[in-house]
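Residues per chain are reported as follows:
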Amino acid sequence: MTLTEWLQQAAVQLQSVSEMAADDARLLLCHQLNVSRTYLYSHADVSISPADLTALAQLLARAQQGEPLAFIIGYWPFWNIELEVAPCTLIPRPDTELLVEKALALTLPVTASVLDLGTGTGAIALALACNKPLWQVTATDKVSAAVALAQRNAARLTATNCEVLQSDWFSAVSGKQFDLIVSNPPYIEPDDPHLPALQHEPLSALVAPEQGLADLATICRQAPAFLTHHGWLWLEHGYNQADAVRQLLTSAGFSQVQSCKDYGGNWRISGGCFTG
């Protein structure tokens, strides 16, 4: 079977579980053969070895069962970096890149101190650390497996300006202050109808009580004690939570409170400046 023939058959098999079946098929094939997409086009008639066909069949079966491609291949792109991923954390998503974009656009000290709460793979923290090598970035997560994963990603990206700590929100950074705090905390309601589609990712990183606002409220309430004068807090939240999060920020003493839409046109992040 040639590369083109396999891609055509795989795309058909993936149509029931993916809206981008052809792209997913190419990603699986590139992963198994360790080649680029350009190679697939320039070597369309090359035959696939029996061993690779067997391995591809196993990968395809996992994808047909709904397992995310990120977990099947073990890595995923985010911003301008590539991250190891695993079922102990969320898969980095394009909407979260909005937090990175906003953070990089802020007027902060050249050697800003930044805290990323609930870092997961380390996506936000490492994107910031790699793009701002003079910033000192601290990433925290409550889950030990996530901490180890983020530490591996930091080491692979040689992000020596990023420290990863195990911490229940602010518990491991007592006494420290930051010019910027960012977080993509759990914010989905426990009975949200979209949860079944996220069954392969940890509920602890997705779901929060109090209509999904509990962790957002905790961070807003505690963050001022860890911010420098004129320090910023920016949070990712659900598409229908912007009003509530802005109210949480205002109640906690933040000014310049604002929200931004994601690339799909949904209100996705909110933040404010703390002047104490």
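Here goes a summary of the coordinates provided. This is a predicted model, so every value here is computed, not measured.

**Let's talk about helix 4 (residues 50–64)**
No. 1: In a regular helix each residue adds 1.5 Å, so 15 residues correspond to 21 Å; helix 4 covers 21 Å between its end C-alpha atoms and thus fits that length.
No. 2: By the burial criterion, the buried members of helix 4 are Ala55, Leu56, Leu59, Leu60 and Ala63. Considered in projection along helix 4, the buried side chains sweep an arc of 140° and stay on one side of the axis. In this structure, helix 4 carries Pro50, Ala51 and Gln58 as exposed residues pointing more than 90 degrees from its buried face.
No. 3: At its buried positions, helix 4 is contacted by helix 1 (3–14), helix 2 (21–33) and helix 5 (69–73).

**As for the packing of helix 1 against helix 2**
No. 1: Running from N to C, helix 1 and helix 2 point in directions that differ by 130°, and their axes come no closer than 8 Å. Between helix 1 and helix 2, the angle is such that the two are oblique. Like other packed secondary-structure pairs, helix 1 and helix 2 cross with a definite hand, here right-handed. Only Ala21, Ala22, Asp24, Ala25, Arg26, Leu28, Leu29 and Leu33 of helix 2 make contact with helix 1, whose side of the interface consists of Leu3, Trp6, Leu7, Ala10, Ala11 and Leu14.
No. 2: When grouped by side-chain class, the residues that make up the contact of helix 1 with helix 2 number twelve nonpolar, no polar and two charged.

**Some words on the packing of aromatic side chains**
No. 1: Inspection of the entire model under this criterion finds three aromatic pairs.
No. 2: Judged by centre distance (4.4 Å) and plane angle (15°), the rings of Phe170 and Phe226 are stacked. Within this pair, whereas Phe170 is found in the loop between strand 5 (162–166) and strand 6 (178–183), its partner Phe226 is found in the loop between helix 9 (214–222) and strand 7 (227–236), the two being separated by 56 residues in sequence. The pair Phe170 / Phe226 is uniform in exposure class, with both members buried.

**Structural notes on the side chain of Asp141**
No. 1: In this structure, Asp141 sits in strand 4 (residues 136–141).
No. 2: Buried within the structure, Asp141 lacks any salt-bridge partner; its nearest side chain of opposite charge belongs to Lys142, at an N-O separation of 9.1 Å.
No. 3: Within the structure, Asp141 has its side chain in polar contact with the backbone nitrogen of Gly120 (distance 2.9 Å).
No. 4: In this structure, Asp141 is in contact with Gly118, Thr119, Gly120, Ala146, Val147, Leu165, Gln166 and Ser167, ignoring residues within four places of it in sequence.

**Quick word on unusual backbone geometry**
No. 1: The backbone of Trp79 sits at a positive phi, close to 55°, despite the residue not being glycine.
No. 2: Here Trp79 is to be found in the loop between strand 1 (75–78) and strand 2 (81–84).
No. 3: Here Trp169, not a glycine, exhibits a phi torsion of approximately 55°, which is positive.
No. 4: Here Trp169 lies in the loop between strand 5 and strand 6.

What counts as what
Residues numbered from 1 in each chain as written. Predicted model: local features only at pLDDT ≥ 70, side-chain atom pairs only at ≥ 80, totals over all residues. Heavy atoms only, no water. Helix = DSSP H or I, 4+ residues; strand = E, 2+ residues; numbered from the N terminus. Expected span 1.5 Å × (residues − 1). Buried < 20%, exposed > 50% of the residue type's maximum accessible area, 1.4 Å probe, protein only. Arc of directions from axis to C-beta. Contact = heavy atoms within 4.5 Å. Axes fitted to C-alpha atoms, helices over the stretch in contact; angles between N-to-C directions. Parallel < 35°, antiparallel > 145°, perpendicular 65-115°, else oblique. Left-handed = near helix turned anticlockwise from the far one by under 90°. Nonpolar A, V, L, I, M, F, W, Y, C, P; charged D, E, K, R; others polar. Phe/Tyr/Trp six-rings, centres within 6.5 Å; stacked < 30°, edge-to-face > 60°. Lys, Arg positive; Asp, Glu negative; His and termini not counted. Salt bridge = Lys/Arg side-chain N within 4 Å of Asp/Glu carboxyl O. Polar contact = N/O pair within 3.5 Å; in protein donor to acceptor, adjacent residues only side chain to side chain.

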